[in-house]
Amino acid sequence: MTAQPPQQQAPLSQIGLRAAVPPVTRLLITLNLLVFVLMLWGGAGFWHSPNNVQLTWGANFAPATADGQWWRLASAMFLHFGALHLGMNMLALWDGGKLVERMFGAARFLGIYIISGIAGNLLSLVIQGNQAVSGGASGAIFGIYGALLVYVWYTRHQMQQLEFRWLFWGALAFSALTIGMGFIIPGIDNSAHIGGFVTGAVFAVLCLPATATRHKHLQRWRLISGISWLLGIAILLGHLPEPKYRWHEEQAIRKQVQRFTLIDQQANRKWNAIMLEGREGTVSFDEMATQIDQQVATTYEESFERLSSLPDDPNLPSAPLLEQAKAYALKRSEDSKAAADKLRNIPFMPGRAAPGSAK
């Protein structure tokens, strides 16, 4: 009886499809869930999160990102626009991450995830520019599936045929179907999907572990794919969109208008207090006029000057609000001064108490 040569162990057996989810994949899922919960406390909706909340938390948007806030290319990976968006992405991350992390190891897996997400958001920034506020982990997740396909393709001769078909064609069908849906269904950031997928595939070629590097043309493909990816990034950086407006200017207007709202409330309270003193006869008309000038009219005049010093760009979303605030501050300043002048011109009325005297 002749001895049979030992069968080569299939990579899927080494990876362990039924093993527990590895630590980095668990960490990434936990971070996405944690950010979603924190955003709920910060005003986001459970089923739909408005754009202003997404922008506050770091969504990708040309007027903000290209205004110097480049960290948004990374922070946008952890933001989701609702529970359905989050759930679908986390299911895909759980399904692909538990395989790819064991294929490439924790450090390489994390690198593929982060770089794919950033590259996908960069392509989204160039393609969508001023048109959309974007966020989500899908660019990074597509990078994982791009890496999965590359790994399975290069190790296909070490696998059982059924395992290869199940993994390779399943992942390819999922990727193609999802990207195809992105061209049909509005609101899907397909540019982030494509950018992440290509980046994940490229870095998988560059980071293939030693057990999968026996392909005779692998070094050539590493050189070609690496140079091509760097060239693509350089092209994207050279075609960054010109922001329709500057985010820091929009933020300055919002902050100043909010401040003016509080100042207006305080000025109204001062006006009412002055009028109450006048009705009670504890101050003279001249003193009332002086208080109105100092505590009301001057307050609105200074607010008008601060509002007028803000950027005058009609493309800013808050530009109409700024114009309304300026017009209101100017009118209140002029009306207050006119009221003070009228009080000064009222002759002294006998029987009205003098300042500080008893009635």
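Residues numbered from 1 in each chain as written. Predicted model: local features only at pLDDT ≥ 70, side-chain atom pairs only at ≥ 80, totals over all residues. Heavy atoms only, no water.

**Some thoughts on the overall build of the chain**
And then number 1: Along the chain, the regular secondary structure elements total 14 helices and zero strands.
And then number 2: Walking the chain from its N terminus toward its C terminus, one meets helices and strands in the order α-α-α-α-α-α-α-α-α-α-α-α-α-α.
And then number 3: Out of the 359 residues belonging to the chain, those deemed buried represent 48%.
And then number 4: Of the contacts made within the chain by residues no fewer than 6 positions apart, 78% connect residues no fewer than 24 positions apart.
And then number 5: With the model as given, the accessible surface of the chain reaches about 19300 Å², and the carbon-plus-sulfur share is 63%. (Helix = DSSP H or I, 4+ residues; strand = E, 2+ residues; numbered from the N terminus. Buried < 20%, exposed > 50% of the residue type's maximum accessible area, 1.4 Å probe, protein only. Contact = heavy atoms within 4.5 Å. Areas by Shrake-Rupley, 256 points an atom, 1.4 Å probe, with all protein chains shown as cover.)

**With respect to the packing of helix α7 (residues 106-128) against helix α10 (residues 190-207)**
And then number 1: Their axes nearest at 7 Å, the elements α7 and α10 cross at an angle of 145°. Relative to α10, the crossing made by α7 is right-handed. Across from Arg 108, Ile 112, Ile 115, Ser 116, Ala 119, Gly 120, Asn 121, Leu 123, Ser 124, Ile 127 and Gln 128 in α7, the residues of α10 making contact are Ser 191, Ala 192, Gly 195, Gly 196, Thr 199, Gly 200, Phe 203, Ala 204 and Cys 207.
And then number 2: Taken together, the residues that form the contact of α7 with α10 break down as nine nonpolar, 10 polar and one charged. (Axes fitted to C-alpha atoms, helices over the stretch in contact; angles between N-to-C directions. Left-handed = near helix turned anticlockwise from the far one by under 90°. Nonpolar A, V, L, I, M, F, W, Y, C, P; charged D, E, K, R; others polar.)

**Notes on a nonpolar patch on the surface**
And then number 1: On the surface, a cluster of nonpolar side chains totalling about 760 Å² of accessible area is made up of Leu 177, Met 181, Phe 183, Ile 184, Ile 185, Ile 188, Ile 194 and Val 198.
And then number 2: When residues of the nonpolar patch are traced back to their parent elements, those giving at least two are α9 (161-184) and α10.
And then number 3: Here the element with the most residues in the nonpolar patch is α9; it accounts for four residues.
And then number 4: Relative to the elements of secondary structure, Ile 188 occurs in the loop between α9 and α10. (Patch = residues over 30% accessible without salt bridge, like charges linked within 9 Å, V, L, I, M, F, W, Y side chains within 5 Å. Salt bridge = Lys/Arg side-chain N within 4 Å of Asp/Glu carboxyl O.)

**A word on the packing of aromatic side chains**
And then number 1: In this structure the tally under the stated criterion is 12 aromatic pairs.
And then number 2: Ring centres 4.9 Å apart and planes at 85° place the aromatic pair Phe 46 and Trp 47 in the edge-to-face group.
And then number 3: In this structure Trp 47 comes out as exposed when scored by relative accessible area, which is 65%.
And then number 4: Relative to Tyr 328, the ring of Phe 260 has its centre 6.0 Å away and its plane inclined at 75°; by these criteria the two rings are edge-to-face. In this pair, Phe 260 is assigned in helix α12 (residues 247-280) and Tyr 328 in helix α14 (residues 319-344), connecting sequence segments 68 residues apart.
And then number 5: Looking at Tyr 328, the relative accessible area reads 33%, which means it is partly exposed.
And then number 6: An aromatic cluster is present here, built from Phe 36, Phe 46 and Trp 47 joined pairwise through their rings.
And then number 7: Sitting over the ring of Trp 94, Lys 98 keeps its end group 3.7 Å from the ring centre. (Phe/Tyr/Trp six-rings, centres within 6.5 Å; stacked < 30°, edge-to-face > 60°. Lys NZ or Arg CZ within 6 Å of the ring centre and 35° of its normal.)

**Notes on the nonpolar core**
And then number 1: Met 103, Phe 104 and Leu 148 are the most contacted members of the largest nonpolar core, which has 90 residues in total.
And then number 2: In terms of residue count, helix α8 (residues 138-154) provides more of this core than any other element does, 12 residues in total.
And then number 3: The residues contacting Leu 148, other than those within four sequence positions of it, are Leu 99, Val 100, Met 103, Leu 167 and Ala 171. (Core = buried A, V, L, I, M, F, W, Y, C linked by side-chain atoms within 4.5 Å.)

**Quick look at helix α2 (residues 23-41)**
And then number 1: Across its 19 residues, α2 extends 27 Å between first and last C-alpha, which sits within 8% of the 27 Å expected from 1.5 Å per residue.
And then number 2: Within α2 the residues assigned to the buried category are Val 24, Thr 25, Leu 28, Ile 29, Asn 32, Val 35, Phe 36 and Met 39. Viewed end-on, α2 has its buried residues packed into an arc of 145°, placing them on one side of the element. In this structure, α2 carries Pro 23 and Trp 41 as exposed residues pointing more than 90 degrees from its buried face. (Expected span 1.5 Å × (residues − 1). Arc of directions from axis to C-beta.)

**Some details on the side chain of Thr 199**
And then number 1: Along the chain, the position of Thr 199 falls in helix α10.
And then number 2: Residue class for Thr 199 comes out buried when judged on its relative accessible area of 2%.

**Some remarks on the pattern of salt bridges**
Here the idea is simple: oppositely charged side chains can pair when their charged atoms come close.
And then number 1: Following the criterion strictly, the structure yields 10 salt bridges and no others.
And then number 2: For the salt bridge of Asp 67 with Arg 246, the shortest nitrogen-to-oxygen distance reads 3.6 Å. Linking Asp 67 in the loop between α4 (62-65) and α5 (72-75) with Arg 246 in the loop between α11 (218-238) and α12, this pair joins segments that are 179 residues apart in sequence.
And then number 3: Exposure remark for Arg 246: the relative accessible area of 29% places this residue in the partly exposed category.
And then number 4: When the shortest N-O distance is used, the salt bridge between Asp 335 and Lys 331 registers 2.8 Å. A residue pair is termed a helical-turn pair when its members lie 3 or 4 positions apart in one helix, as Asp 335 and Lys 331 do in helix α14 at four residues.
And then number 5: When its relative accessible area of 38% is taken as the criterion, Asp 335 is described as partly exposed.
And then number 6: One continuous salt-bridge network, built from bridges that share partners, spans Asp 286, Asp 293, Asp 341 and Arg 344.

**Concerning the environment of Glu 301**
And then number 1: On the secondary structure map, Glu 301 appears in helix α13 (residues 285-308).
And then number 2: Distance from Glu 301 to Lys 326, taken between C-alpha atoms, is 9.8 Å for residues 25 residues apart in sequence.
And then number 3: Glu 301 has contacts with Ser 333 and Lys 337, leaving out every residue within four places of it along the chain.
And then number 4: Among the polar contacts made by the side chain of Glu 301, one reaches the side chain of Lys 337 at a distance of 3.4 Å. (Polar contact = N/O pair within 3.5 Å; in protein donor to acceptor, adjacent residues only side chain to side chain.)

**Here we look at α12**
And then number 1: In this model, α12 (34 residues) spans 50 Å end to end at C-alpha, consistent with the 50 Å of a helix rising 1.5 Å per residue.
And then number 2: Along α12, the residues classified as buried are Trp 247, Glu 249, Glu 250, Ile 253, Gln 256, Val 257, Phe 260, Ile 263, Asp 264, Ala 267, Ile 274 and Gly 278.
And then number 3: Along its buried surface, α12 packs onto α3 (51-57), α4, α5, α13 and α14.

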